[in-house]
Amino acid sequence: METWGKYKQTYVYCGMLKRWIASNLMLGREHGQAFPQGELPQVPIQDSGTDSFYFYLRNSSGTALVSRLALRKNGFCEYWFGLYMPDLTPLVIEGTAALLPGIYLGVEGLSFVPQPSGSWQINVDFPAQKLHASLLFSPITPIFDFASLRDKNQIAKALASMSWNSHSFKALKSMKTEHIEQAGRWKGELAWAGIQYALEGVGARDHSRGERNWHQWDSHSWFTGFNDRGQGFNLSLIHFKGLPTLRAGYISRPNQEAVCLVNGPDSPIASTSGSFDLKGLHDAHADRIDFKTLGLFPFTMDSVYRIEEGYGWFDWKGDRYFGILERGFKLNK
């Protein structure tokens, strides 16, 4: 019995130690700016590194637009563009191209240029698709830094419960990123197949920098929706190979800083419609959010992982929010 008692005590101690390490060493930065030198694009030096800029637009008329530029090693840039407008066939463009010199961030056909006001100019020029656009994204919230918007207890508990070995540490490395988000309003002009459109809507942008080893990703979901007052939410659920599901996200209220989630689903959401519960820090109870995916833009990452940029709506506290319902999964599992 004495031996068992010592074993049990050691087991409990090791569990506490693993949780402390997970909380204090493996979750990365909690203070300071995500990008101390500003959001200047940086070409990664590692093979699986990326510096990714992303924007989405949604409006009540049904228009959905997503765009992404992500720097990879040697100055090449991944690019995404997806566009849906009611009664028209969705357009999806993706590829890899050389970074154009002389502008902030861009490839042939797509560029993102920050403005002194804090807004971003999105320029689109794809002659083969008869598509041209000039859009302005103007922030309506502060920048939300995911370093301070994680359910630290959930992540620490999940990491402490796993087996720690060389494989799991390699998987952990693939999740070490800086990530910020910001909601905003969109406005601009778009010409498609000879027809001119005036676009307005709400949406968000994000900027991520760090490892993106898609071989280590099993599945994920990233749901986000905002209204034109800056109220909204984000729910991020990621299942890395060899790790438990990790959760992050926030609830944003008008004219307030975001608060991190402290309750939510335990695994990535694969269904195209349904509901989930979210609870923010200091909230008395969880809120039910209903969702429905209306369509999607498919993109492939390094030939091993598929991301589906779903667009649709969320019903939350009696109001409707239009947003993005992103899901991802490994190909040929």
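It should be emphasised that the depicted structure is a prediction, and the values quoted were computed from it without experimental measurement. (Residues numbered from 1 in each chain as written. Predicted model: local features only at pLDDT ≥ 70, side-chain atom pairs only at ≥ 80, totals over all residues. Heavy atoms only, no water.)

1. Description of the packing of aromatic side chains
Logical step 1: The final tally for this structure, using the stated rule, is 29 aromatic pairs.
Logical step 2: With centroids separated by 5.8 Å and ring planes inclined at 70°, the aromatic side chains of W217 and Y305 adopt a geometry described as edge-to-face. You can see W217 sitting in strand β12 (residues 217–226) and its partner Y305 sitting in strand β18 (residues 305–316), a full 88 residues away along the chain. Both residues of the pair, W217 and Y305, count as buried.
Logical step 3: The ring of W80 has R68 sitting right over it, with the charged end atom 4.8 Å from the ring centre. (Phe/Tyr/Trp six-rings, centres within 6.5 Å; stacked < 30°, edge-to-face > 60°. Helix = DSSP H or I, 4+ residues; strand = E, 2+ residues; numbered from the N terminus. Buried < 20%, exposed > 50% of the residue type's maximum accessible area, 1.4 Å probe, protein only. Lys NZ or Arg CZ within 6 Å of the ring centre and 35° of its normal.)

2. Things to note about the environment of Q115
Logical step 1: Position of Q115 relative to the elements: it lies in the loop between β6 (110–114) and β7 (120–126).
Logical step 2: With 23 residues separating them in the primary sequence, Q115 and S138 have C-alpha atoms 9.5 Å apart.
Logical step 3: Once residues within four sequence positions are removed from consideration, Q115 is found in contact with W120, Q121 and L136.
Logical step 4: In this structure the side chain of Q115 is engaged in a polar contact, spanning 3.0 Å, whose partner is the backbone oxygen of V113. (Contact = heavy atoms within 4.5 Å. Polar contact = N/O pair within 3.5 Å; in protein donor to acceptor, adjacent residues only side chain to side chain.)

3. Quick word on the sheet that holds strand β14 (residues 246–252)
Logical step 1: Read around the closed barrel, 8 strands run β12-β13-β14-β15-β16-β17-β18-β19, paired in antiparallel fashion. Strand-to-strand twist in this sheet, taken as the mean axis angle between neighbours without regard to direction, amounts to 30°.
Logical step 2: Sheet topology places β12 next to strand β13 (residues 232–240); 9 bridges connect them, and they run antiparallel. Paired with W217 across the strands is F240, a residue of β13. (Pairing = 2+ DSSP bridges. Axes fitted to C-alpha atoms, helices over the stretch in contact; angles between N-to-C directions.)

4. Looking at the nonpolar core
Logical step 1: F81, L83, L110, F112, I122, L131 and L190 are the most contacted members of the largest nonpolar core, which totals 31 residues.
Logical step 2: Among residues more than four places away in sequence, those in contact with I122 are F55, S67, L110, S111, F112, A133, S134, L135 and W186.
Logical step 3: Core analysis: the next-biggest nonpolar cluster, separate from the first, contains 30 residues, W80, F146, I155 and F226 among them. (Core = buried A, V, L, I, M, F, W, Y, C linked by side-chain atoms within 4.5 Å.)

5. Description of the pairing of strand β10 (residues 177–192)
Logical step 1: With 9 bridges joining them, strand β8 (residues 131–139) and β10 adopt antiparallel strand pairing. Bridging across to β10, F137 finds its partner in W186.
Logical step 2: Judged from the 2 bridges that link them, strand β9 (residues 144–145) and β10 form a sheet pairing that is antiparallel. Bridge pairing links F144 to E181 in β10.
Logical step 3: Note: β10 against strand β11 (residues 195–211), 16 bridges, orientation antiparallel.

6. So, unusual backbone geometry
Working note: non-glycine residues mostly have negative phi, and peptide bonds are mostly trans.
Logical step 1: One non-glycine residue, N74, adopts positive backbone phi at about 70°.
Logical step 2: Within the fold, N74 resides in the loop between β2 (64–71) and β3 (76–84).
Logical step 3: Positive phi values are uncommon outside glycine, yet S303 reaches one of about 65°.
Logical step 4: In this fold, S303 is placed in the loop between β17 (287–301) and β18.
Logical step 5: Judged by relative accessible area, which is 61%, S303 ranks as exposed.

7. Points about the side chain of E326
Logical step 1: Along the polypeptide, E326 turns up in strand β19 (residues 319–330).
Logical step 2: The side chain of E326 sits in the buried core without any salt bridge; R68 is the nearest counter-charge, 7.6 Å away.
Logical step 3: A polar contact of 2.6 Å, which involves the side chain of E326, links it to the side chain of H220.
Logical step 4: If near-sequence neighbours (up to four positions away) are discounted, E326 is found in contact with H220, S221, W222, F223, I307, E308, E309 and G310. (Lys, Arg positive; Asp, Glu negative; His and termini not counted. Salt bridge = Lys/Arg side-chain N within 4 Å of Asp/Glu carboxyl O.)

8. Here we look at the side chain of R247
Logical step 1: If you trace the backbone, R247 turns up in strand β14.
Logical step 2: Owing to a relative accessible area of 5%, R247 belongs among the buried residues under this scheme.
Logical step 3: Among the polar contacts made by the side chain of R247, one reaches the main-chain carbonyl oxygen of P265 at a distance of 3.2 Å.
Logical step 4: In this view, R247 contacts D151, Q154, I155, L235, S236, L237, V262, N263, G264, P265 and D266; residues no more than four positions away in its chain are not counted.

9. A closer look at the pattern of salt bridges
Logical step 1: All told, the structure shown has 12 salt bridges when counted by the stated rule.
Logical step 2: Among the salt bridges present, the one from R209 reaches D51, with a minimum N-O distance of 3.3 Å. With a gap of 158 residues between them, R209 in strand β11 and D51 in strand β1 (residues 49–58) connect regions that are remote in the sequence. Side by side, R209 and D51 carry an identical accessibility label, which is buried.
Logical step 3: A salt bridge links E308 to R306; its shortest N-O distance comes to 2.8 Å.

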